[in-house]
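Observations on chain architecture
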Amino acid sequence: MPAGPSNAARTPFVLLVVLLLGGGLITLLLLNSALNEGSFKLSELKKRTTELTDEQQALQHDVDGYSEPDALERRARELGMVPGGGPAFLDPDGTVRGVPSQAPAAAAPPAVTPQLPATTAPPATPSPATSPPVSPDPSGSTPAATGPSNSAAPPAQPRTPADQPSTSPGR
């Protein structure tokens, strides 16, 4: 028997098997690449989630700190608020329950003035009109004060930008 026809029948089968194996390998390579890319994205997203969780916890810690009763009281006093007086309640029938009292008056909060550098503030010197006359002492020593003196001028307030004259036209 001739060997030619049997070899010819095997060639298409071998090519089909090689093509199927090659296609399978290429498909596995593409699938593996896609899974690795997804794994990297997942890793980056987990890292970002951890960062955002840490930031959220830090912000929550700040909110909790500002919500503490002593922090609220301190901030309210800075704003000039005072604790309220005794409460009174109105019942549905119109009767007053409790004795209302007025909140205590608080001292005015200190005024905040901007502090400018010392080089821009004018020197505070008492004017001659407010200083007491000094009489010469024959002994050559300076006279001692005989009582409280109001001759000291109040300290000069630093000038703020609002006190400065405007140099721009139209203002």
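These figures come from a predicted structure and were not determined experimentally.

Our next topic: the overall build of the protein. Each helix and strand counted, the protein has 2 helices and 2 strands in total. Burial statistics for the protein: of 171 residues in total, 1% are counted as buried. Within the protein, residue pairs in contact and separated by at least 24 positions form 29% of the contacts whose partners lie at least 6 positions apart.

Turning our eyes to something else, we now look at a negative patch on the surface. The grouping of D62, D64, E68 and D70 at the surface amounts to a negative patch. With respect to the element layout, D70 can be found in helix 2 (residues 69–78).

In this section: the confidence of the model for the protein. Averaged over every residue, the pLDDT of the protein is 74; the share at 70 or more is 57%. Per-residue pLDDT stays below 50 along residues 119–123; that stretch engages in 1 contact with residues further than four places along the chain or on separate chains. Below pLDDT 50 for its whole length, residues 141–155 participates in 7 contacts with residues either more than four positions away or in separate chains.

Let us now look at the pattern of salt bridges. Inspection of the entire model under this criterion finds 5 salt bridges. Across the pair E78 and R75 runs a salt bridge whose closest N-O atoms are separated by 3.3 Å. Linking E78 with R75, this pair stays in helix 2, spanning 3 residues, or about one helical turn.

Residues F13, V14, V17, V18 and L21 make up a contiguous nonpolar surface patch of roughly 480 Å² in combined accessible area. Take L21: its relative accessible area is 57%, and that puts it in the exposed class.

Here the focus is the environment of F89. Looking at the element boundaries, F89 is found in strand 1 (residues 89–90). Through-space distance from the C-alpha of F89 to that of P100 is 8.6 Å; in sequence the pair is 11 residues apart. Those residues in contact with F89 that lie beyond four places of it in its chain are T95, V96 and R97.

The rules we used
Residues numbered from 1 in each chain as written. Predicted model: local features only at pLDDT ≥ 70, side-chain atom pairs only at ≥ 80, totals over all residues. Heavy atoms only, no water. Helix = DSSP H or I, 4+ residues; strand = E, 2+ residues; numbered from the N terminus. Buried < 20%, exposed > 50% of the residue type's maximum accessible area, 1.4 Å probe, protein only. Contact = heavy atoms within 4.5 Å. Patch = residues over 30% accessible without salt bridge, like charges linked within 9 Å, V, L, I, M, F, W, Y side chains within 5 Å. Areas by Shrake-Rupley, 256 points an atom, 1.4 Å probe, with all protein chains shown as cover. Salt bridge = Lys/Arg side-chain N within 4 Å of Asp/Glu carboxyl O. Lys, Arg positive; Asp, Glu negative; His and termini not counted. Charge placed at Lys NZ, Arg CZ, Asp CG, Glu CD. pLDDT = per-residue confidence, 0-100.

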